[in-house]
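Okay, here's what each chain looks like letter by letter:
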Amino acid sequence: MFFENAKPFSQLVGLFFLLLVGMIMAGGVQALIPIEGEGAGQIRMMLVVQAVSQLLMFLIPVLVFAGLFHPGIGSYLKLKGKGSWRLALIGMVMVVLLMPLNDVLTWWNEGWQFGPIEESMRRMSEMEKEMLEKMVSLTTVGDLVLELVIIALVPAVCEELFFRGGVQQILSGWFKNRHVAVIVAALVFSLAHGDMYGAVPRFVMGLLLGYLFAYSGSMVVNISAHFFNNAAIVVMYYLYNRGQLSMSPTEPLLMPWYVVVMCTVAVGILFVVYFLKNSSKEQSNLYF
């Protein structure tokens, strides 16, 4: 630990410098291992390269950052937490209940126009969708397990540690306001993915994950909820590619407005009952 007394701004600069280094290294890996062809072997190699890129861009930078700027990597990144598995289960239920709202937001967001850069933005979005569809195109059970690890678990661990464990905690110390930190971190999380036609639902998911972390104080809760969200998409693609699901996972399932409202309200109720209550108990334990 070399920079224990660094101010939040310096910490943020340090974290994003490490991110830049990680991105350069990830780019080097992708350049050294070009993926060509359409066979199953090439797709599996693409998955491996994707996992390595996630580790280099997000996981290693935030672990190095925590080690340089804070005493105790595990304690700073909140890798433990009392009752975290119970809250993790509630968090996964909240992810499911948020899906109807995010489907509406996805439908709305996909209609956005970006003027003179519209064509290039659309092309970029389509390329990302094509890449995802290619990575989840395999239909064996073994490949499903591989996809769940690389497309669902690895990003959940890497992105939550970086954006919530790193960015959000730094912003919380900078602004002295957890709500501002959650909002800004969710915005950074959304924009970092690049696809502006999915920015709004991703921002809303970032808000949910940010508040889960802020009020649970456990990274276990966040990784579980993020993994569940990613895993649901992977499984839907798996069933779709096997002909067991008729509707493409990319198509938003637009539920009636009252279902959207009820599910969204249910998310709020679960948050108040379980997470605000958990936060209040933790604060009380500081004084008693």
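Structure first, text after, so check above.
Below: a short report on this structure.

Rules used in this analysis
- Residues numbered from 1 in each chain as written.
- Predicted model: local features only at pLDDT ≥ 70, side-chain atom pairs only at ≥ 80, totals over all residues.
- Heavy atoms only, no water.
- Helix = DSSP H or I, 4+ residues; strand = E, 2+ residues; numbered from the N terminus.
- Rg over C-alpha atoms; globule rule 2.2 N^0.38 Å.
- Buried < 20%, exposed > 50% of the residue type's maximum accessible area, 1.4 Å probe, protein only.
- Lys, Arg positive; Asp, Glu negative; His and termini not counted.
- Charge placed at Lys NZ, Arg CZ, Asp CG, Glu CD.
- Axes fitted to C-alpha atoms, helices over the stretch in contact; angles between N-to-C directions.
- Parallel < 35°, antiparallel > 145°, perpendicular 65-115°, else oblique.
- Left-handed = near helix turned anticlockwise from the far one by under 90°.
- Nonpolar A, V, L, I, M, F, W, Y, C, P; charged D, E, K, R; others polar.
- Expected span 1.5 Å × (residues − 1).
- Contact = heavy atoms within 4.5 Å.

### Considerations on the overall build of the chain
From N to C terminus, the chain includes 10 helices and 0 strands. For the chain, the α and β elements follow one another from N to C terminus as α-α-α-α-α-α-α-α-α-α. In terms of overall size, the chain behaves like a compact globule, its C-alpha atoms giving a radius of gyration of 20 Å where 288 residues would be expected to give roughly 19 Å. Summarising its shape, the C-alpha atoms of the chain cover approximately 60 × 50 × 45 Å along the three principal directions. Residue burial in the chain is summarised as follows: out of 288 residues, 41% are buried. If the 17 positive side-chain charges of the chain are averaged to one point and the 18 negative ones to another, these points end up 16 Å apart.

### Quick notes on the packing of helix 2 (residues 40–69) against helix 6 (residues 141–175)
Where helix 2 contacts helix 6, the axes come no closer than 9 Å and their chain directions differ by 20°. The orientation of helix 2 with respect to helix 6, classified from their angle, is roughly parallel. Our pair here, helix 2 against helix 6, has a crossing hand that is left-handed. When grouped by side-chain class, the residues that make up the contact of helix 2 with helix 6 number 20 nonpolar, 3 polar and 4 charged.

### With respect to helix 8 (residues 199–216)
One turn of the α-helix equals 3.6 residues, which is why residues spaced by three or four share an orientation. Across its 18 residues, helix 8 extends 25 Å between first and last C-alpha, which sits within 8% of the 26 Å expected from 1.5 Å per residue. Counting buried positions along helix 8 gives 14 out of 18 residues, so the element sits mostly inside the fold. Taken from the residues just after helix 8, Gly 217 is the one with a positive phi, measuring 65°.

### Quick notes on helix 1 (residues 8–32)
Between the first and last C-alpha of helix 1 there are 36 Å, a value that for 25 residues agrees with the 36 Å anticipated at 1.5 Å per step. Taken as a whole, helix 1 has its buried residues at Gln 11, Leu 12, Gly 14, Leu 15, Leu 18, Leu 19, Gly 22, Ala 26 and Val 29. Structurally, helix 1 contributes buried residues whose contacts are with helix 2, helix 3 (73–76) and helix 6.

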